[in-house]
2 protein chains.
Amino acid sequence: MSEKCISIIFAQKPKLYHIYYMSVCNSLLAFDLKLKEKLNFMTKLTTRAEDYSKWYNELVVKADLAENSGVRGCMVIKPYGYAIWEKMRDELDRRFKETGHQNAYFPLFVPKSLFEAEEKNAEGFAKECAVVTHYRLKNDAENPGKLIVDPEARLEEELIVRPTSEAIIWNTYKNWIQSYRDLPILINQWANVVRWEMRTRLFLRTAEFLWQEGHTAHSTREEAMEETEKMLEVYADVAENVLAVPVIRGVKTPSERFAGADETYCIEAMMQDGKALQAGTSHFLGQNFAKAFDVKFTNKEGQLEYAWATSWGVSTRLMGALIMAHSDDNGLVLPPKLAPIQVVIVPIFKGEEQLNLIRKVADKIVAELKQKGISVKFDDDDQNKPGWKFAEYELKGVPVRIAMGARDLENQTVEVARRDTLTKEVKPLENIAEYISQLLDEIQDNIFRKALKFRDENITEVDTYEEFKKVLEEKGGFISAHWDGTAEEEEQIKEETKATIRCIPLDNDLEEGVSLISGKPSNQRVIFAKAY
Amino acid sequence: MSEKCISIIFAQKPKLYHIYYMSVCNSLLAFDLKLKEKLNFMTKLTTRAEDYSKWYNELVVKADLAENSGVRGCMVIKPYGYAIWEKMRDELDRRFKETGHQNAYFPLFVPKSLFEAEEKNAEGFAKECAVVTHYRLKNDAENPGKLIVDPEARLEEELIVRPTSEAIIWNTYKNWIQSYRDLPILINQWANVVRWEMRTRLFLRTAEFLWQEGHTAHSTREEAMEETEKMLEVYADVAENVLAVPVIRGVKTPSERFAGADETYCIEAMMQDGKALQAGTSHFLGQNFAKAFDVKFTNKEGQLEYAWATSWGVSTRLMGALIMAHSDDNGLVLPPKLAPIQVVIVPIFKGEEQLNLIRKVADKIVAELKQKGISVKFDDDDQNKPGWKFAEYELKGVPVRIAMGARDLENQTVEVARRDTLTKEVKPLENIAEYISQLLDEIQDNIFRKALKFRDENITEVDTYEEFKKVLEEKGGFISAHWDGTAEEEEQIKEETKATIRCIPLDNDLEEGVSLISGKPSNQRVIFAKAY
């Protein structure tokens, strides 16, 4: 059976792929890698219901977002995945600049003596640090062609590959800050960081990841606190209005705080399996780093004071949140604001002549869409059938697919398919660009509303520990319950149920109640969940 | 003497700064850090004629571009410097995408076994590698509060912090390339890399630097060679039309090739001291990495072949080229296309009322310039006098300065000063935005022409080794001379004069001659120079 025949059959009966591939093809295909790859690619994803975790892992790889590398725990972000990350980065970067921040770049390495200066921070990250000890390799005398670490090139002081940059940055700020006139310092850095995690998963937890880290210095506690909250709001804005992921803004309990912070603010999102994903954090660092690095300034009254600090970051983990919040059993669902290709046009044609007629109309649509700033691809590749292309662009999460065939040419119409709802309708060619432009807005909005509805339906208020365990076991999601404010109760619940306090919501209503285990009085509910 | 008085005196007599600062002030100022800093800042730069190298080092720091960090050989790129780098990056990135490339991201670390796979590449970089050997720190039992490397957390295989990414990327490409249909792969990465240099200088040579590295795979030698040349042309375009730095496009001699390349193309720029700076390289890697990592593909004829490769990169070193090519004894001279602030408006006023009148006019100019996509700052800070501001914006290289005072308000004029020529003229307010827009183009062009003229005046053709040494000693610059094509002659000249062959120019006219030392026949001239 030729590749062409197989493609045709499969284009018409997509559900046959999997069975066919599993049963008949293996031997037949052994000699045609390209075809095997194609079928592999078309093989249906594991469904979310079957195995949510497997579904995610498969989707990241099949949609060409990322893959594991030859380095333990480190990923390769592939071009399609990186294009989405670039769009997130640009949306964040624009907002950072609009709120008065500037980008800068600080060293990858932190000398051990600086790293240990802020004790809590050091303690928090010491267990997962990549450490550079040598600066040269030499030929291995016993194994020609092999290299070994040159023992004579040992560093006097070990260098830590930054897991976060407070230490190196505050050591620098020391020289920049003398007077209140030098404040505030509002700086952001786009960088790679390394945390030697033992269990890694693409995007969600990797030894190296990309992120941005804001590091600001202020002359008053109030101003630093305001900054902490302002940046949390920037993150929430991007999460909700760009990623279309609704988030709960909250404060972490002391045991979940960033190492070295006085207060950690966070945004928490719900994935489709009901688990929580911390999507961004903004830390009020008090004067901890100023004290550790002796950063004092002369205030308006001429007195010396320690500077006040914040730091805030989001990372390529957001890619995981994006994927797990919206995607379905057919593949990615991308909000239009992050889709590298927002619209794809697929011609349905027999022969070059028909294709040329379609191309003439398509070119016009492409030009009109581009003028509206919409990214569009006309896929006239004749190696793959329309059915194969439809499946491919569904897998890749392209928000809108336009199909055009002979009948459409005749009727001056196109078929418009939405990725989010998997619905199609026939639309007149007239004003099609305007229609698509509005449709993209509607899709962005719909994806958010759908996620919001799911999230809200999966927050359950409970008042007893029995009920808590039952809901967690049977329904999952977020549980809103009273807590006595102690680390002990928090720890016991975590140990017994694996659920942690995700946050104390910022917009909490005060409400009298008693805590789940100790029965002590509490005046507000907190959010518990199992988390990524 | 109050800060105000000093500022006024100095604004009128800038040349007094230095003397005053050196002689009278030190004790007086010891208690006012801010004022000391201000005077320090105003202190005249070392001139290029006095000490070119010192001038450069001072300028980088005083113009707030970068500074040395607490980590040996690593720099902090400050916001103003980073803003210029961001503009370079965006200009490059746009061109990479226009020529069909996509961005991706590969791991920071290269396992030693992968690193040593391509022997020449490994040999070239082994001597300057930062090596990660451990993944954890622990508390030092003997020194409370201190951390030590945990000897139990030694990595089974050492990880090299990438000095360049061919190895890790070709190890990845192995899984991406099966058939000619998978080619070409056109990928670029923006990343940090580490090369443990012993002598470092801000931007020019640092242990860690930022760069982009393109890595492409092709099915034919011709296509890879075409890519190598195409990307060299992209670099030359950015150097000349964005950085305003004229470059000579050429090929390196075998001894100056990138480790692992079959051919290295480069662009070479001349700095104001006549020395050369290699501003970008594009490598034809042949099948070296494909062979080292066993990357084969099935060609159209069904046969297995090794893939063909290129790699190409430019780095934050371009910042050094930019600074050293154009700047003068007053500070930076930035081509408008890279200036974070293209136009600054300085009001000259007495009292709030006059300022308000000026502000009204300035706001209109600001709005008009912004609409043309020109970045503009209205500096109405009343802490600093106009004279101080003039000096500051000269130091920072702002291309156009507009000054407005009471007389200008009366006459409906402004004073427009050009940074590149240090000239001023009074211009009518009418159509000022249009005038400024054209002026920025003219400045961009003039900066390039000036550098080109200087470069061309400092290329000398010589035909004897005596003459060569004399010109190099007395005039410097580039020397165009015949070479016998041997590594021996090249090495001898380098040892005796410190000049190296920068490149064999691509647009060389063939010309019969005899080489400098051996007297062997040669059919073209090559470019010699001392280099950064």
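Going by an unreviewed UniProt entry, chain A carries the name Proline--tRNA ligase and comes from Cruoricaptor ignavus. Database annotation for chain A, UniProt heading Catalytic activity (unreviewed entry): "tRNA(Pro) + L-proline + ATP = L-prolyl-tRNA(Pro) + AMP + diphosphate". As stated in UniProt under Subcellular location (unreviewed entry), the record for chain A gives "Cytoplasm".

A. Broad picture of the nonpolar core. Ranked by size, the top nonpolar core spans 102 residues in total, and within it A:Phe109, A:Trp170, B:Phe109 and B:Trp170 carry the most contacts. For A:Trp170, the residues in contact, after removing those within four places along its chain, are A:Thr216, A:Ala217, A:Phe289, A:Ala290, A:Phe293, A:Val295, A:Ala307, A:Trp308 and A:Ala309.

B. Structural view of the packing of helix 16 (residues 465-474) of chain B against helix 17 (residues 487-497) of chain B. Residues and elements named next belong to chain B. Close contact between helix 16 and helix 17 brings their axes to 12 Å; oriented N to C, the two are set at 40°. The angle between helix 16 and helix 17 places the two elements in the oblique class. The element helix 16 and its partner helix 17 pack so that their crossing is right-handed. For the pair helix 16 and helix 17, contact is made by Tyr-465, Phe-468, Lys-469 and Leu-472 and by Gln-492, Ile-493, Glu-496 and Thr-497, respectively. In terms of residue class, the contact of helix 16 with helix 17 is made up of 4 nonpolar, 2 polar and 2 charged.

C. How the structure looks around the relation of the copies chain A and chain B. Between chain A and chain B, the superposition needs a rotation of 180° and an axial shift of 0.0 Å, giving an RMSD of 0.0 Å. What we have between these two chains is a two-fold relation. Distance from the rotation axis, computed per C-alpha, reaches its smallest value in chain A at A:Val132: 2.1 Å. Most of the interface of chain A is mirrored in chain B, where 100% of its interface residues are also at the interface.

D. Main features of the sheet that holds strand 21 (residues 424-428) of chain A. All names here are of chain A. Reading across the sheet, the 5 strands line up as 18-17-19-20-21 and stay open at both edges, with mixed pairing between neighbours. Here the strands that pair on one side only, and so sit at the sheet edges, are strand 18 (376-378) and strand 21. Going across the sheet, the axis of each strand differs from the next one's by a mean of 25°, ignoring polarity. Pairing analysis gives 4 bridges linking strand 19 (residues 400-404) to strand 20 (residues 413-418), with the strands arranged antiparallel.

E. Here's a closer look at the environment of A:Ile479. Residues and elements named next belong to chain A. By secondary structure assignment, the location of Ile-479 is in strand 23 (residues 478-482). Take Ile-479: its relative accessible area is 0%, and that puts it in the buried class. The spatial distance from the C-alpha of Ile-479 to the C-alpha of Asn-68 is 34 Å, given a sequence separation of 411 residues. When residues no more than four places from it in sequence are discounted, the contact partners of Ile-479 are Thr-460, Val-462, Phe-468, Val-471, Leu-472, Val-526, Ile-527 and Phe-528.

F. Spotlight on the packing of helix 4 (residues 52-62) of chain A against helix 11 (residues 317-326) of chain A. Residue and element names in this part refer to chain A. Viewed as axis vectors pointing N to C, helix 4 and helix 11 meet at an angle of 120°, and their least axial separation amounts to 11 Å. In the crossing of helix 4 with helix 11, the sense of the turn from one axis to the other is right-handed. Between helix 4, through Tyr-52, Trp-55, Tyr-56, Leu-59 and Val-60, and helix 11, the contact on the second element is made entirely by Gly-320, Ile-323 and Met-324. Here the residues of the contact of helix 4 with helix 11 are counted per class, giving 7 nonpolar, 1 polar and no charged.

G. Expanded view of the pattern of salt bridges. Within the structure shown, the criterion is met by 74 salt bridges over all chains. Here A:Glu268 ties to A:Lys252 by a salt bridge, and the two come within 2.7 Å at their closest N and O atoms. In this pair, A:Glu268 sits in strand 12 (residues 263-270) while A:Lys252 sits in the loop between strand 11 (247-251) and strand 12, placing the two residues 16 residues apart along the sequence. Judged by relative accessible area, which is 1%, A:Glu268 ranks as buried. With a closest N to O distance of 2.9 Å, B:Arg418 and B:Glu442 form a salt bridge. Residue B:Arg418 is found in strand 20 (residues 413-418), and its partner B:Glu442 is found in helix 15 (residues 432-457); the two are separated by 24 residues along the sequence.

Parameters and conventions
- Residues numbered from 1 in each chain as written.
- Chains lettered and ligands numbered in written order.
- Predicted model: local features only at pLDDT ≥ 70, side-chain atom pairs only at ≥ 80, totals over all residues.
- Heavy atoms only, no water.
- UniProt positions renumbered as here; feature names shortened; annotations may be inferred.
- Core = buried A, V, L, I, M, F, W, Y, C linked by side-chain atoms within 4.5 Å.
- Buried < 20%, exposed > 50% of the residue type's maximum accessible area, 1.4 Å probe, protein only.
- Contact = heavy atoms within 4.5 Å.
- Axes fitted to C-alpha atoms, helices over the stretch in contact; angles between N-to-C directions.
- Helix = DSSP H or I, 4+ residues; strand = E, 2+ residues; numbered from the N terminus.
- Parallel < 35°, antiparallel > 145°, perpendicular 65-115°, else oblique.
- Left-handed = near helix turned anticlockwise from the far one by under 90°.
- Nonpolar A, V, L, I, M, F, W, Y, C, P; charged D, E, K, R; others polar.
- Least-squares fit on C-alpha atoms with pLDDT ≥ 70 in both.
- Pairing = 2+ DSSP bridges.
- Salt bridge = Lys/Arg side-chain N within 4 Å of Asp/Glu carboxyl O.

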